[in-house]
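Below are the chains, spelled out letter by letter.
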Amino acid sequence: MVIAIDGPAGAGKSTVARALARCLHYCYLDSGAMYRCVALEALRRDAGSVLEAPGALAELAAGLAIQPGDRVVCDGRDVTDAIRAPAVSEMASRVAADPGVREAMVAMQRAVMANGDWVAEGRDIGTVVAPDAELKIFLTADAQARAQRRARELGGDAEVVLAEQALRDARDATREHSPLRPAADAVELDTTDLDVEAVVGAIVALARTRSR
Ligand code: DC
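In what follows, the accompanying structure is described.

Thresholds, definitions, all that
- Residues numbered from 1 in each chain as written.
- Predicted model: local features only at pLDDT ≥ 70, side-chain atom pairs only at ≥ 80, totals over all residues.
- Heavy atoms only, no water.
- Helix = DSSP H or I, 4+ residues; strand = E, 2+ residues; numbered from the N terminus.
- Buried < 20%, exposed > 50% of the residue type's maximum accessible area, 1.4 Å probe, protein only.
- Near = heavy atom within 4 Å.
- Polar contact = N/O pair within 3.5 Å; in protein donor to acceptor, adjacent residues only side chain to side chain.
- Areas by Shrake-Rupley, 256 points an atom, 1.4 Å probe, with all protein chains shown as cover.
- Nonpolar A, V, L, I, M, F, W, Y, C, P; charged D, E, K, R; others polar.

One non-glycine residue, H25, adopts positive backbone phi at about 60°. Within the element layout of this structure, H25 appears in the loop between α1 (13–24) and β2 (27–30). H25 gets classed as exposed once you look at its relative accessible area, which sits at 72%. Of note, the phi angle at S178 is positive, near 45°, even though the residue is not glycine. You can see S178 is positioned in the loop between α9 (158–174) and β8 (187–190). Look at S178 and you get partly exposed, because its relative accessible area is 21%.

With that settled, consider the site of the ligand. Around the ligand sit 15 residues, and of these R36, R102, R123, D124 and R175 come closest. At a separation of 2.9 Å, a nitrogen atom of the ligand approaches a polar side-chain atom of S31. In the environment of the ligand, an oxygen atom lies 2.9 Å from a nitrogen or oxygen atom belonging to the side chain of R175. Compared with its free state, where it exposes 450 Å², the ligand has 98% of that area covered by protein. At the level of secondary structure, the elements contributing two or more residues to the shell around the ligand comprise α2 (31–44), α5 (86–95) and α9. A per-element tally of the shell around the ligand places α2 first, with four residues. Classifying every residue of the shell around the ligand gives three nonpolar, four polar and eight charged.

What follows is the structure, encoded as C-alpha cells:
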C-alpha cells in the first residue's frame, strides 16, 4: 500500500509521515530531500552557470546517486544536515521547477517505491509520482502556524521564515510543471489546531478502511 502525503512547507508532512510509517511499519520516502540534493549539488557546482545552461540541471539531477533514508546520501556523501541549510531550501524550490529535474526525480522515486509499503511525502506524490496510491492526504495549516513551526524547528525569526515561506509557496504552487495542488481524490486535513498524534490517528483510521 502507498500513502501519499502532500502539502506546503511546514504543514507537518515530515513529522506526520515519519510517525505514520513507524506506526504502520511502512517504509518512508522524503521526496523533498531528493530535490534538496540536486539543489546542494547545483550550489556546489556554481549555481549561476548550472542554472543558465539549457538542460544542465536535468543532466546533473539524472546523474546523481541519491539514497533517501534516515541519513540522506548523495554520491556517497552524507548530506543529511547540509541539505537543510536555508540557501539549499531556496535553491530547491528553484530546481524543482525544472521539468527535466522533476522527470529524473519522479523516475528515482518510483524505482525506490517499486516494492513494499510506503508513506511518501512531497508536493506531487498523489498527483504525479503515485497517482494510484491507495490513500492520498493533503496536509495544510495556516501560513502563520507553518512559519512558527519551521522557525522552532530550524531556529530563526518567525517573521523572516514567514516571508521566505510565502515566496517558496508561491513558486511551488504556480510553477508550470507539477504545481503543488491536492489530487482530486485526496483527503484534506488542516493541522493548524491538531497535534501530531491526532493527525497520525486520523490517517491510520483512513488507512485501515482503504486496506480492507
Ligand atoms: O519538502 P521540502 O521543503 O524538503 O522540499 C524542498 C523543495 O522541493 C520545495 O521547494 C518543494 C520541492 N518539492 C517538490 O517540488 N516536489 C516534491 N515531491 C517534493 C519537494
